[in-house]
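# Descriptive structure summary
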Amino acid sequence: MTLERISDIVIEENKDVYSPDEDTFLLLDLIQIDEGEDILEIGCGTGMISIHCAYHGANVTAVDVNEKAVELTSKNAEINDIDLKDILFSDMFSEVQGMWDAIIFNPPYLPKVEGYPMDVRWDGGIDGDETIVKFLERSYSYLCPEGRVYFCCSDLAPLTRIYNTIDMGYEIIEQREKTFDFETIYAFSLIAMNHSSAPFI
Ligand SMILES: C[S@@+](CC[C@H](N)C(=O)[O-])C[C@H]1O[C@@H](n2cnc3c(N)ncnc32)[C@H](O)[C@@H]1O
């Protein structure tokens, strides 16, 4: 099957892999990709976002720390007849090299709930902001000049450290939000600011 329109995208799911949800779609709507750009998606899950970017002409590398997500992204790319440049196991940037026009991560962003086992799909550390802060600090050195970052977070985790980290190295291009009974989720698009010295050491 050849993908003719992005709305025709077919995604196979798996109980061990995060299924596309409201955050996936909030982020997808925000992402602006130019043809030929080099895009890295961290935490690709089913591959939905990576496939969307490749459909729009980007050279996409998709990584996940869950081997089942890596396999599923590969399968979904094949089902939709979309070529991803690379699909790799990687703990954030552990297996990633090079510089990117944009880096995308819909990360685990919820605070840990006592008594529940840790799940890489949604646990963002004790308070919920740890993975995002680490991601923003590390992304900076993998971005081309004026490279962009796209990510999601939730008001169930504190936003202060996230905003402080953004302020150190990025400017917000756009921020969107969606509110539910129990939570507001946010999607951010950022641009890396030029610094005379590295803002994150
Ligand atoms: C909320 S899900 C998002 C999945 C998919 N991108 C989407 O939007 O539907 C978070 C994903 O990040 C992955 N992940 C969590 N921590 C990671 C890390 N340190 N490095 C790479 N992937 C990670 C999880 O395995 C999961 O697939």
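Up top is the structure these notes are about.
Given the structure is predicted, the values throughout are model-derived calculations rather than measurements.

Before going further, it helps to spend a moment on the overall build of the protein chain. Summing up its helical and strand segments, the protein chain has five helices and seven strands in all. The N-to-C order of helical and strand elements in the protein chain reads α-β-α-β-α-β-β-α-β-α-β-β. For 201 residues, the compact-globule estimate of 2.2 N^0.38 gives 17 Å, and the protein chain sits close to it at 16 Å. C-alpha extents for the protein chain along the principal axes are approximately 45 × 45 × 30 Å. Within the protein chain, the fraction of its 201 residues that count as buried is 50%. Summarising the internal contacts of the protein chain: among those between residues at least 6 apart in sequence, 67% fall at separations of at least 24. Summing over all exposed atoms, the protein chain offers an accessible surface of approximately 10,200 Å²; the carbon and sulfur share of this is 48%. Distance between charge centres in the protein chain, computed from 13 positive and 39 negative side chains, equals 4 Å.

The next thing to look at is the site of the ligand. Close contacts around the ligand come from 21 residues, with Thr24, Gly43, Asp64, Asp91 and Met92 the closest. Between methionine 92 and the ligand, the recorded distance is 2.7 Å, taken from a backbone N or O atom to a nitrogen atom. Isolated, the ligand exposes 600 Å² of accessible area, and the fraction of that covered by the protein chains is 96%. In a pocket analysis with a 2 Å cut-off to the grid points, the ligand is assigned to the largest pocket.

Before going further, it helps to examine unusual backbone geometry. A positive phi angle is found at aspartate 81, which is not glycine, with a value near 55 degrees. Judged by its relative accessible area of 47%, aspartate 81 falls in the partly exposed class.

Each strand in a sheet pairs with another by means of backbone hydrogen bonds, the pair being arranged parallel or else antiparallel. Taken together, seven strands build an open sheet; the order of strands is E3-E2-E1-E4-E5-E7-E6 and the sheet is mixed. Both outer strands of the open sheet, strand E3 (86-89) and strand E6 (170-179), are each paired with one neighbouring strand and no more. Shown here is a sheet whose adjacent strand axes are inclined to one another by a mean of 15 degrees, direction ignored. Pairing of strand E4 (residues 100-105) with strand E5 (residues 143-154) involves five bridges; the strand directions are parallel. Counted as the bridge partner of isoleucine 104 is tyrosine 150 from E5. Across the face of the sheet, helix H1 (residues 22-30) comes into contact with E4, E5, E6 and strand E7 (184-192) while running at roughly 35 degrees to E7. Strands in contact with helix H5 (residues 160-169) are E5, E6 and E7; relative to E6, the strand with the most contacts, it is inclined by about 150 degrees.

Below, the discussion takes up the pattern of salt bridges. Across all of its chains, the model carries eight salt bridges by this definition. In this structure, lysine 75 engages glutamate 12 in a salt bridge whose closest nitrogen and oxygen atoms are separated by 2.6 Å. Pair noted here: lysine 75 is in helix H3 (residues 67-79) and glutamate 12 is in the segment before H1, with a separation of 63 residues, a long-range link. Taking relative accessible area as the criterion, lysine 75 reaches 41% and is therefore assigned partly exposed. Overall, the relative accessible area of 32% leaves glutamate 12 in the partly exposed class.

On to the packing of aromatic side chains. Taken as a whole, this structure holds nine aromatic pairs when the rule is applied. Ring geometry for phenylalanine 105 versus phenylalanine 135: centroids 5.2 Å apart, planes at 70 degrees, classification edge-to-face. Placement of the pair is phenylalanine 105 in strand E4 and phenylalanine 135 in helix H4 (residues 130-139), with a sequence separation of 30 residues. Look at phenylalanine 135 and you get buried, because its relative accessible area is 1%.

About the cut-offs
- Residues numbered from 1 in each chain as written.
- Predicted model: local features only at pLDDT ≥ 70, side-chain atom pairs only at ≥ 80, totals over all residues.
- Heavy atoms only, no water.
- Helix = DSSP H or I, 4+ residues; strand = E, 2+ residues; numbered from the N terminus.
- Rg over C-alpha atoms; globule rule 2.2 N^0.38 Å.
- Buried < 20%, exposed > 50% of the residue type's maximum accessible area, 1.4 Å probe, protein only.
- Contact = heavy atoms within 4.5 Å.
- Areas by Shrake-Rupley, 256 points an atom, 1.4 Å probe, with all protein chains shown as cover.
- Lys, Arg positive; Asp, Glu negative; His and termini not counted.
- Charge placed at Lys NZ, Arg CZ, Asp CG, Glu CD.
- Near = heavy atom within 4 Å.
- Polar contact = N/O pair within 3.5 Å; in protein donor to acceptor, adjacent residues only side chain to side chain.
- 1 Å grid on protein atoms, 1.4 Å probe; cavity = no way out; pocket = protein on both sides within 12 Å on 5 of 7 lines; lining within 4 Å.
- Sits in = over half its atoms within 2 Å of the grid points.
- Pairing = 2+ DSSP bridges.
- Axes fitted to C-alpha atoms, helices over the stretch in contact; angles between N-to-C directions.
- Salt bridge = Lys/Arg side-chain N within 4 Å of Asp/Glu carboxyl O.
- Phe/Tyr/Trp six-rings, centres within 6.5 Å; stacked < 30°, edge-to-face > 60°.

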